[in-house]
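One-letter residues, chain by chain:
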Amino acid sequence: MLMLNQTDLTPASFILNGIPGLEDMHMWISFPFCTMYAVAVVGNCGLLYLILYEDSLHRPMYYFLAMLSLTDLFICSSTIPKALCIFWFHFKEISFDGCLVQMFFVHTFTGMESGVLMLMALDRYVAICYPLHYSTFLTNSVIAKAGLSTFLRGVLLIIPFTVLTKHLPYCRGNIIPHTYCDHMSVAKLSCGNIKVNVIYGLTVALLIGGFDILCITVSYTMILQAVISLSSADARQKAFSTCTAHICAIVFSYSPAFFSFFSHRFGGHTIPPSCHIIVANIYLLLPPTVNPIVYGVKTKQIRDCVIRITSGSKDVKSQSK
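Residues numbered from 1 in each chain as written. Predicted model: local features only at pLDDT ≥ 70, side-chain atom pairs only at ≥ 80, totals over all residues. Heavy atoms only, no water.

1. Here's the deal with the pattern of salt bridges
A side chain with one charge can pair with a side chain of the opposite charge if their charged atoms come near.
Phase 1 of the analysis: The final tally for this structure, using the stated rule, is five salt bridges.
Phase 2 of the analysis: Across the salt bridge formed by Asp212 and Arg153, the nearest N and O atoms sit 2.9 Å from each other. Separated by 59 residues along the polypeptide, Asp212 in helix H8 (residues 195-228) and Arg153 in helix H6 (residues 140-166) bring together distant segments of the chain. Each member of the pair, Asp212 as well as Arg153, is classed as buried. (Salt bridge = Lys/Arg side-chain N within 4 Å of Asp/Glu carboxyl O. Helix = DSSP H or I, 4+ residues; strand = E, 2+ residues; numbered from the N terminus. Buried < 20%, exposed > 50% of the residue type's maximum accessible area, 1.4 Å probe, protein only.)

Given below as structure tokens:
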């Protein structure tokens, strides 16, 4: 049921239709979504708790990890609860303004996650290539400014998305074949010219994703050169081990994004829409779920803190060896 303002063709609400073609499977699909979301919330809240209260984790690497965990919480919490309401209760309606707000948060924090991964790559570069100057370069002030700049970059680049989408005329219905309000999914309902939206979307993707991937690639190229030049095999292994968790986080974050990006442009007619939507949800849900597990397993300091707490030790704030 479409409710339109006759003066500017702005719908009062949209209908999020879930995963088209798999409506009968919504209940089954909801179980892995719910499980992953629960793991993401518990895992990232646990990491934030450890980093806040454990003195041995008050270091630049873990401050950046706290930014990543906080970003991951915002990403999955802005989409998955609504998706579960669609799957479980068929609560598909979302107000026009609510849709714009969700779209803003999704794109802002996915951009911020990319930025934080880039900052973590630079952190590993400084730690391995300039270990004696690590604490001098990465002061608390520098870390705070870097995090704030990454957040503001996302906000300032995504605000035009919201403005452009808000002022489009909508006369192609109000049903969005998706589980959340994605920029292009909403724009395609417009009967106006969305060329500016398409061009701006690609520009933002290059400004954020392209720049961050370039910085990550350059950082790890220089890290690899520095590690190979080390004479000791133990030193090389130790240096590589400090990057393992971050490399895993990069793979889990960018792989679904690359698949979604290229499949939309080169496999649009061969890949069913349901696959695109599932991958889009995995892109938002997989990194928040996996990152706490990877860092908990691969990072000795975090692992030691978890073991100490779960074993009932009272000396929670003792320094890790």
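2. Looking at the layout of surface pockets
Phase 1 of the analysis: There is about 600 Å³ of room inside the second largest pocket.
Phase 2 of the analysis: As for the second largest pocket, its lining consists of 21 residues, of which Arg124, Lys238, Ser241, Thr242 and Gln301 are closest to the centre.
Phase 3 of the analysis: Where the lining of the second largest pocket is concerned, the elements lending two or more residues are helix H2 (60-77), helix H4 (96-129), helix H9 (233-266) and helix H11 (300-310).
Phase 4 of the analysis: Residue contributions to the lining of the second largest pocket peak at seven residues, all from H9.
Phase 5 of the analysis: Taken together, the residues that form the lining of the second largest pocket break down as eleven nonpolar, five polar and five charged. (1 Å grid on protein atoms, 1.4 Å probe; cavity = no way out; pocket = protein on both sides within 12 Å on 5 of 7 lines; lining within 4 Å. Points joined across faces, edges and corners; volume = space filled by probe spheres on them. Nonpolar A, V, L, I, M, F, W, Y, C, P; charged D, E, K, R; others polar.)

3. Remarks on the packing of aromatic side chains
Phase 1 of the analysis: Summed over the entire model, instances satisfying the criterion amount to 15 aromatic pairs.
Phase 2 of the analysis: Look at Phe14 and Phe96: their rings are 5.7 Å apart centre to centre, the planes differ by 40°, and that puts the pair in the tilted class. Placement of the pair is Phe14 in strand S1 (residues 13-16) and Phe96 in helix H4, with a sequence separation of 82 residues.
Phase 3 of the analysis: Here Phe96 falls in the buried class, since its relative accessible area comes to 5%.
Phase 4 of the analysis: Here Phe33 and Phe87 contribute two aromatic rings whose centre-to-centre distance is 5.7 Å and whose plane-to-plane angle is 80°, an arrangement assigned as edge-to-face. Here the residue Phe33 occupies a position in helix H1 (residues 26-53), and Phe87 occupies one in helix H3 (residues 80-89), the gap between them amounting to 54 residues. Residues Phe33 and Phe87 agree in their burial class; the two are buried.
Phase 5 of the analysis: An aromatic cluster is built from Phe74, Phe104, Phe105, Phe109 and Phe151, whose rings are joined through pairwise contacts. (Phe/Tyr/Trp six-rings, centres within 6.5 Å; stacked < 30°, edge-to-face > 60°.)

4. A word on the side chain of Asp182
Phase 1 of the analysis: Among the secondary structure elements, Asp182 is positioned in the loop between strand S3 (175-176) and helix H7 (183-187).
Phase 2 of the analysis: No salt bridge is formed by the buried Asp182; its nearest oppositely charged neighbour, Lys188, is found at 7.3 Å. (Lys, Arg positive; Asp, Glu negative; His and termini not counted.)

5. With respect to the pairing of S1
Phase 1 of the analysis: Sheet analysis places S1 next to strand S2 (residues 93-95), joined by three bridges and oriented antiparallel. Looking at S2, one finds that Phe14 is bridged to Ile94. (Pairing = 2+ DSSP bridges.)

6. Examining the environment of Gly173
Phase 1 of the analysis: Residue position: Gly173 is located in the loop between H6 and S3.
Phase 2 of the analysis: Its relative accessible area of 24% is what places Gly173 among the partly exposed residues.

7. Section: unusual backbone geometry
Phase 1 of the analysis: The phi torsion at His90 lies on the positive side, around 60°, for a residue other than glycine.
Phase 2 of the analysis: Within the secondary structure, His90 sits in the loop between H3 and S2.
Phase 3 of the analysis: Classification of His90 as exposed rests on a relative accessible area of 57%.

8. A word on H1
Phase 1 of the analysis: With 28 residues, H1 extends 40 Å from end C-alpha to end C-alpha; this agrees with the ideal 40 Å at 1.5 Å per step.
Phase 2 of the analysis: Of all the residues in H1, the buried ones are His26, Ile29, Ser30, Phe33, Tyr37, Ala40, Asn44, Leu47, Leu50 and Ile51.
Phase 3 of the analysis: The elements touched by buried residues of H1 are H2, H3, helix H10 (273-298) and H11. (Expected span 1.5 Å × (residues − 1). Contact = heavy atoms within 4.5 Å.)

9. Quick notes on H8
Phase 1 of the analysis: Here H8 spans 48 Å end to end across 34 residues, near enough to the 50 Å set by a 1.5 Å rise per residue.
Phase 2 of the analysis: When we look at burial in H8, the residues that qualify are Asn197, Gly201, Val204, Ile208, Gly209, Asp212, Cys215, Ile216, Ser219, Tyr220, Ile223 and Val227.

10. Section: the state of the cysteines
Phase 1 of the analysis: The full count for this structure, using the stated rule, is two disulfides.
Phase 2 of the analysis: Across a sulfur-sulfur distance of 2.0 Å, Cys99 and Cys181 are joined as a disulfide pair. Measuring the twist about the S-S bond at about -120°, one finds the Cys99-Cys181 disulfide to be left-handed. Within this pair, whereas Cys99 is found in helix H4, its partner Cys181 is found in the loop between S3 and H7, the two being separated by 82 residues in sequence.
Phase 3 of the analysis: Using a relative accessible area of 1% as the deciding quantity, one classes Cys99 as buried.
Phase 4 of the analysis: Given the relative accessible area of 0%, Cys181 is considered buried. (Disulfide = S-S within 2.5 Å.)

11. Some remarks on the packing of H4 against H6
Phase 1 of the analysis: For the pair H4 and H6, the least separation of the axes is 8 Å and the interaxial angle reads 150°. In terms of crossing hand, the pair formed by H4 and H6 is right-handed.
Phase 2 of the analysis: Grouping the amino acids of the contact of H4 with H6 by side-chain chemistry returns 14 nonpolar, nine polar and three charged. (Axes fitted to C-alpha atoms, helices over the stretch in contact; angles between N-to-C directions. Left-handed = near helix turned anticlockwise from the far one by under 90°.)

12. Observations concerning the sheet that holds S2
Phase 1 of the analysis: Taken together, the three strands give an open sheet; going across it, the order is S2-S1-S3, and neighbouring strands pair in mixed fashion. Here the strands that pair on one side only, and so sit at the sheet edges, are S2 and S3.
Phase 2 of the analysis: Set on the sheet, H4 makes contact with S1, S2 and S3; between it and S2 the angle comes to about 85°.

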